[in-house]
Amino acid sequence: MLGASRCVPRLYGANVESLYKSVGATTTADLLSRLGFVAHPKAGLVHWLPPGLAILNRVESIVRKNMDNTQFEEVSLSLLSHNELWKRSGRWQSSSELFKLSGDEYLVVPTAEEDITDYVASSITSYKQLPLRYYQINQKFRNELRPRGGLLRGKAFMMKDAYSFDASEENAMKTYDQVVESYHRIFKELKVPYVVANADSGDIGGNLSHEWHISHSTGEDTVFTCDSCGHTSNIEKTTSYPEEATDVNDVAVHYFGTTDKQTVVCAYYPASRKLDANLVKLEVPDIDLNWTDQDAIVAHFTAEEGLLSRKVVRMMDSRLTSRSNFPDFPFPFVNRINITMLTDVPIVSAEAGEICGQCEDGILQASKAIEIGHTFYLGTKYSEPMGCEIDIPDSTGKSVRQPLYMGCYGIGLSRIIAAVAEINRDEHGLRWPAALAPWSLTVVEAGKDSSAYADFYKDLDEAGINYRIDNRAKVGIGRKINDSNMMGIPLVAILGKHYPTVEVEVRGKRLSESWQDVYASGEFDWDVTYDDNGKDTKHMVHKRGFAKVVAALLHDM
């Protein structure tokens, strides 16, 4: 008697018949929901159902294996955190996406820099314990005001977050590089077409970060790549130059103040373009990006008190010339020596077709992308305010008290599943790569009792093939095949009147053609049917070679 775990889920195919005529026009988020992978009780919330949970478990397994191999230890931190830690890091006040509980004493965590740093600070006793490397895989929570795209942007999401602690910046960078290599292995094993982009660190902080993206036209991020030097970065970190500056008639200005409130930065740029404050900060690192009230900045720097000691930086975007139509200058400074002019500075968001700011030679190509991971080198951003420090001997052997150097590394498991579903689907439904499919093979029986195929299933089990049997009563063979195809299962096997010859129909997206090497060996009876485009669609193979054929086909998907 077959166990329930070897049969398709009970609700499998229950609500898909109405999808047959509209699947091509149905969004991927709706497909995942209507096909029973997930359910969304409210916008931004998610229930993981049997097929979706099976995929999630497979992603987790791949991520966990590679993090373990990079000498990270798995932990599971509390999903509730006290506000005292977040006040010390400064994020309690600055982040608008925290789920704060009633009374504002606790929050539901979106990430765990504060808690893991506090744990290490309270438990480390010697520098000889370093490096320390921890990761966890669990739900996180973000007060997303406009959840959209199903799994792509929600209030609750599955995430792998990892944290490293080292005694020196040099060692911390070695750890960072090792994690980057681990990420390459993870995304290659997942068989996703990923790109790595230099990125802004955002609310997490730090001075080095990379985003990991899947390129696709539906993505909400923009990634630029230079056709000459190959440099890739996201829109927040891409600098560009125009082919030539122009006399712009409509020039906009944005004012920034420095943290000591002694210098005003006047950033001039074409009004038709979007100013990127992070690019301004590259030129004047001590500007206060949280001081945004333009009227307040002008009022402060036009006040008579301290007027003569204040400084001005006038920054001109590289798309402007001296003949451009600049707005009036509102600051009554009389000491000209305190005015600095910066010209030909790229401070607006890049656009495709402009000159790469990295090599100043190639042309930027833009592509849409879906972010699935982010790696940050944090330095001492969290360890200093959290008191995470240890006595470490210097070159003379004298112990010096110093903060630990940190990195943090995230992968969005929910986003990976949503992105893979999006990039692989077609007009017939989903198509999962073999590494992620909830099961690899759907078996459809025709005309015999399951006991007649006992040896066949024994061979599948011994070969480690992940299969499910569609034993739904009163459902025809054609419907079972169509349901499996719409669900995105890579292969369907039909046990019919020609048994022990088994028919295999191919649904999965082909990434390579190594199965043909096995086919060419002529080891057993194996016939292949091709469509008009030369794609193999059906394989007829004797049961004694079936498991080997399936393994070869799945290897390419």
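Refer to the structure printed above.
Residues numbered from 1 in each chain as written. Predicted model: local features only at pLDDT ≥ 70, side-chain atom pairs only at ≥ 80, totals over all residues. Heavy atoms only, no water.

Now for the sheet that holds strand β27 (residues 526-530). The strands making up a sheet associate through hydrogen bonds between their backbones, and the pairing can be parallel or antiparallel. Taken together, 6 strands build an open sheet; the order of strands is β24-β23-β25-β26-β28-β27 and the sheet is mixed. For this open sheet the edge positions go to β24 (467-470) and β27, each flanked by a neighbour on one side alone. Across the sheet, the mean angle separating the axes of adjacent strands is 20° when strand polarity is ignored. One ladder, built from 4 bridges, connects strand β25 (residues 491-495) with strand β26 (residues 501-506); its direction is antiparallel. Of the residues in β26, the one forming a bridge with L491 is V506. (Pairing = 2+ DSSP bridges. Helix = DSSP H or I, 4+ residues; strand = E, 2+ residues; numbered from the N terminus. Axes fitted to C-alpha atoms, helices over the stretch in contact; angles between N-to-C directions.)

The next thing to look at is the packing of aromatic side chains. The geometry of two aromatic rings is summed up by the distance between their centres and the angle between their planes. The final tally for this structure, using the stated rule, is 24 aromatic pairs. Geometrically, the ring pair formed by F456 and F546 is tilted, given 4.9 Å between the ring centres and 50° between the ring planes. Within this pair, whereas F456 is found in helix α10 (residues 454-463), its partner F546 is found in helix α13 (residues 543-555), the two being separated by 90 residues in sequence. Considering the side-chain rings of Y519 and W526, the 5.1 Å spacing of their centres and the 85° angle between planes classify their relative orientation as edge-to-face. Judged by relative accessible area, Y519 falls into the partly exposed class, the value being 32%. An aromatic cluster is defined as three or more aromatic residues linked by ring pairs; in this entry it consists of Y453, F456, Y457, Y467, Y499 and F546. (Phe/Tyr/Trp six-rings, centres within 6.5 Å; stacked < 30°, edge-to-face > 60°. Buried < 20%, exposed > 50% of the residue type's maximum accessible area, 1.4 Å probe, protein only.)

Another aspect to go through is the environment of S512. Locating S512 in the fold gives a position in the loop between β26 and α12 (515-520). Considered as a pair, S512 and H555 are 43 residues apart in the sequence and their alpha carbons are 8.3 Å apart. In this structure, S512 is in contact with H555 and D556, ignoring residues within four places of it in sequence. Side-chain polar atoms of S512 contact the side chain of D556, separated by 2.7 Å. (Contact = heavy atoms within 4.5 Å. Polar contact = N/O pair within 3.5 Å; in protein donor to acceptor, adjacent residues only side chain to side chain.)

On to the sheet that holds strand β14 (residues 251-257). If you walk across this open sheet you meet the 4 strands as β14-β15-β16-β17, and the pairing is mixed. Both edges of this open sheet fall to β14 and β17 (339-345), since each of them pairs with a single strand only. Taking each pair of neighbouring strands and ignoring which way they run, the sheet shows an average axis angle of 20°. Sheet analysis places strand β16 (residues 311-317) next to β17, joined by 5 bridges and oriented parallel. Residue pairing across strands places M315 opposite L342, the latter belonging to β17. Contacts between helix α8 (residues 294-302) and the sheet are confined to β14 and β15 (263-270), with β14 contributing the most and set at about 70° to the helix.

What follows covers unusual backbone geometry. Cis geometry marks the peptide bond from L130 to P131; its omega dihedral reads 0°. For P131, the position within the fold is in the loop between α5 (113-123) and β7 (132-141). In the Ramachandran plot, D104 falls in the positive-phi region, its phi being about 55° despite a non-glycine side chain. At D344, a position not held by glycine, the phi torsion is positive, near 55°.

In helix packing, the relevant descriptors are the interaxial angle and the interaxial distance, both defined with respect to the helix axes. At a closest axis distance of 10 Å, the pairing of helix α2 (residues 50-69) and helix α6 (residues 169-189) adopts a crossing angle of 155°. Here α2 lies roughly antiparallel to α6, going by the angle between them. Relative to α6, α2 is oriented so that their crossing is right-handed. Touching I62, V63, K65, N66 and M67 of α2 are S182, R185, I186 and E189, all from α6. Across the contact of α2 with α6, the residue classes tally to 4 nonpolar, 2 polar and 3 charged. (Parallel < 35°, antiparallel > 145°, perpendicular 65-115°, else oblique. Left-handed = near helix turned anticlockwise from the far one by under 90°. Nonpolar A, V, L, I, M, F, W, Y, C, P; charged D, E, K, R; others polar.)

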